[in-house]
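Residue strings, one per chain:
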Amino acid sequence: MLRVGLTGGIGAGKSTVANRLSEHGAVLIDSDKIAREVVEPGTPGLAELVEAFGEDILASDGSLDRAALAAKAFADEDSRKRLNSIVHPRVGARTAELMAAAAPDAIIVHDIPLLVEGGLAPMYHLVVMVDAPEEVRVRRLVEARGMAETDARARIKAQATTDQRRAVADVWFDNSGAPDIVLAEVDALWADRLTPFEANVRLRKPRAPMSPKIAPYDETWPAQAERALARIRVVVGDNAVRVDHIGSTSVPGLPAKDILDLQLTVSTLDKADELADALSDAGFPRAEGEWFDDAHGEEGTWPKRFHFGGDPRRPVNLHVRSQETPAWRLALLFPEWLRRNPGERDAYAAVKNAMAAKHASDGTVEQYTDEKQVWVDAAFARADAWADSTGWTP
């Protein structure tokens with residue numbers, strides 16, 4: 001199943017997006033709703049809150065008086081931690097139950113206000129952020145919720161910043177205009193990205209071949225790569241020797257195909273095989289067949305494993321290499337050498353552009369890659385010499 005984290009600042013209009021995705025067929029899991037359910041009258045959660053904070057947090061009908069609880073629970077850090085220790089595990093357990101009950105081909109949308117603050121973004125295949133300018137959000141909170149303006153601004157200030165949200169957001173919706181605008185964007189997200197993404201992961205469907213197309217360097221490539229790397233780190237944990245952004249998109253100023261090349265370095269290829277299913281389920285399906293790098297400076301090939309990104313709007317190549325061959329080191333050396341030597345970077349850019357133009361109608365990148373490799377092989381020798389002279393190590 002595909003897990004989508006939906007979040008946004010207070011007053012941004014997240015429910016508009018959530019409801020539309022639900023209409024399309026998404027399984028909506030609302031964290032705020034669950035947080036209320038686990039402390040309803042008669043639940044163990046409410047009983048534990050009363051034990052921790054006293055009978056006076058109850059309203060006359062026996063339900064939780066949230067204002068009274070807040071006055072006690074947020075009085076100091078210890079009280080806040082006590083509240084969280086009671087509520088959060090119950091919310092997590094109930095969320096896990098709902099996810100487990102979803103169909104194998106479900107697209108789960110987890111509406112979670114504190115996704116950024118909780119560092120939870122890597123747990124999802126995709127993070128959707130709903131935003132609006134602060135003044136719009138303040139007005140909504142004052143007019144729709146009856147909140148005092150000072151309280152509204154304080155609530156906004158206490159949440160994650162725009163920069164923090166942008167760092168984890170794969171999709172960004174500006175919900176400051178007419179509802180029809182954002183609803184149309186949600187419709188496109190569902191049809192063009194979420195539905196095929198789910199199918200790609202479930203069916204282990206490879207990316208369709210295409211001709212090489214070189215794009216100007218995109219300053220957002222490193223941030224996009226970091227979001228993917230964070231997801232990989234969560235999956236592989238201590239099994240990774242290291243996880244890196246490699247290839248042309250990791251070299252500032254270098255034009256490249258708009259495909260992120262990532263590398264997972266493991267101790268052995270047996271370890272890579274053990275991780276294959278988990279990586280595939282996390283959005284990086286393993287490619288069939290035998291994969292290898294041509295051995296540099298020696299005869300033969302260096303075997304590896306290869307996974308592709310299932311997200312149709314963010315192509316990824318994930319190379320899984322072991323420390324049993326030098327390939328992992330070379331994959332780190334080459335872009336670092338280009339970063340340190342702008343003349344070589346520019347020469348490589350010229351080769352890439354020329355080869356891409358030559359093979360623009362091929363329908364695949366095979367001939368482009370083969371012809372470009374002549375320059376790359378010679379560059380590897382120069383990069384090795386540079387590493388020896390500078391003492392560079394990964």
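Residues numbered from 1 in each chain as written. Predicted model: local features only at pLDDT ≥ 70, side-chain atom pairs only at ≥ 80, totals over all residues. Heavy atoms only, no water.

S.K.: I tried to follow the packing of aromatic side chains on my own but got confused; where do I start?
M.R.: The description of an aromatic ring pair uses the distance of the two centres, along with the angle that the planes make with each other. For the structure shown, the criterion picks out six aromatic pairs. Ring centres of Phe-334 and Tyr-348 lie 5.5 Å apart, and the angle between their planes is 70°; on these two criteria the pair is classed as edge-to-face. In this pair, Phe-334 is assigned in helix H12 (residues 327-340) and Tyr-348 in helix H13 (residues 342-358), connecting sequence segments 14 residues apart. Judged by relative accessible area, Phe-334 falls into the buried class, the value being 10%. A network of ring pairs unites the aromatic residues Phe-334, Trp-337, Tyr-348, Trp-375 and Phe-380 as a single cluster. It is Lys-352 that lies over the ring of Tyr-348; its NZ or CZ is 4.9 Å from the centre. Lying over the aromatic face of Trp-375, Arg-382 brings its terminal NZ or CZ to 5.3 Å of the ring centre. (Phe/Tyr/Trp six-rings, centres within 6.5 Å; stacked < 30°, edge-to-face > 60°. Helix = DSSP H or I, 4+ residues; strand = E, 2+ residues; numbered from the N terminus. Buried < 20%, exposed > 50% of the residue type's maximum accessible area, 1.4 Å probe, protein only. Lys NZ or Arg CZ within 6 Å of the ring centre and 35° of its normal.)

S.K.: For this particular structure, what's the right way to read the UniProt feature "binding site: ATP" (unreviewed entry) in the chain?
M.R.: Taken from the UniProt record, the annotation "binding site: ATP" (unreviewed entry) applies to Gly-11, Ala-12, Gly-13, Lys-14, Ser-15 and Thr-16. Along the chain, Ala-12 turns up in the loop between strand E1 (2-8) and helix H1 (14-24). With relative accessibility at 0%, the residue Ala-12 sits in the buried group. Leaving out residues up to four positions away in the same chain, Ala-12 has contacts with Val-130, Asp-131, Ala-132, Arg-137, Arg-140 and Asn-175. For Ser-15, the location among the structural elements is in helix H1. (UniProt positions renumbered as here; feature names shortened; annotations may be inferred. Contact = heavy atoms within 4.5 Å.)

S.K.: Is there a simple way to think about the sheet that holds strand E9 (residues 260-266) in this case?
M.R.: Backbone hydrogen bonds are what pair the strands of a sheet, in a parallel or an antiparallel way. In spatial order, the strands read E7-E9-E12-E11-E10; together these five strands make up an open sheet with mixed pairing. With partners counted over all chains shown, the strands left at the sheet margins are strand E7 (242-246) and strand E10 (291-294), one partner each. Averaged over all pairs of adjacent strands, the angle between strand axes in this sheet comes to 35°, irrespective of strand direction. Relative to strand E12 (residues 316-322), strand E11 (residues 301-308) is paired through four bridges, and the arrangement is antiparallel. When the sheet's bridge partners are listed, Phe-308 is paired in E12 with Asn-317. Against the sheet, helix H11 (residues 269-281) engages E9, E11 and E12, with an angle of about 10° to E11. (Pairing = 2+ DSSP bridges. Axes fitted to C-alpha atoms, helices over the stretch in contact; angles between N-to-C directions.)

S.K.: Help me understand the pairing of strand E4 (residues 126-131) in this model?
M.R.: Within a regular strand, the side chains alternate between the two sheet faces. Burial of E4 is extensive: six of the six residues sit out of reach of the surface. Here E4 shows two buried faces, one formed by Leu-126, Val-128 and Val-130 and the other by Val-127, Met-129 and Asp-131. Relative to E4, E1 runs parallel, the two sharing five bridges. By the bridge assignment, Leu-6 is partnered in E4 with Val-128.

S.K.: Even after reading the chapter, I still don't get the packing of H13 against helix H14 (residues 366-390), so can you show me in this structure?
M.R.: A pair of packed helices is captured by two measures, namely the crossing angle of their axes and the spacing between those axes. Relative to each other, H13 and H14 sit at 165°, their axes nearing to 9 Å. On the basis of the axis angle, H13 is roughly antiparallel to H14. When you trace H13 past H14, the crossing you get is right-handed. On H14, the residues touching Glu-344, Ala-347, Tyr-348, Val-351, Lys-352, Met-355, Ala-356 and Lys-358 of H13 are Tyr-368, Glu-371, Lys-372, Trp-375, Val-376 and Arg-382. Across the contact of H13 with H14, the residue classes break down as eight nonpolar, no polar and six charged. (Parallel < 35°, antiparallel > 145°, perpendicular 65-115°, else oblique. Left-handed = near helix turned anticlockwise from the far one by under 90°. Nonpolar A, V, L, I, M, F, W, Y, C, P; charged D, E, K, R; others polar.)

S.K.: Help me out: how do you make sense of the sheet that holds strand E5 (residues 171-174) in this one?
M.R.: Pairing is parallel in the open sheet, where five strands are placed in the order E2-E3-E1-E4-E5. Strand pairing shows two members of the sheet lacking a second neighbour, strand E2 (27-30) and E5, which therefore form its edges. Across the sheet, the axes of successive neighbouring strands diverge by a mean angle of 20°, strand direction being ignored. Along the sheet face, H1 touches E1, E2, strand E3 (107-111), E4 and E5 and points at about 155° away from the line of E1.

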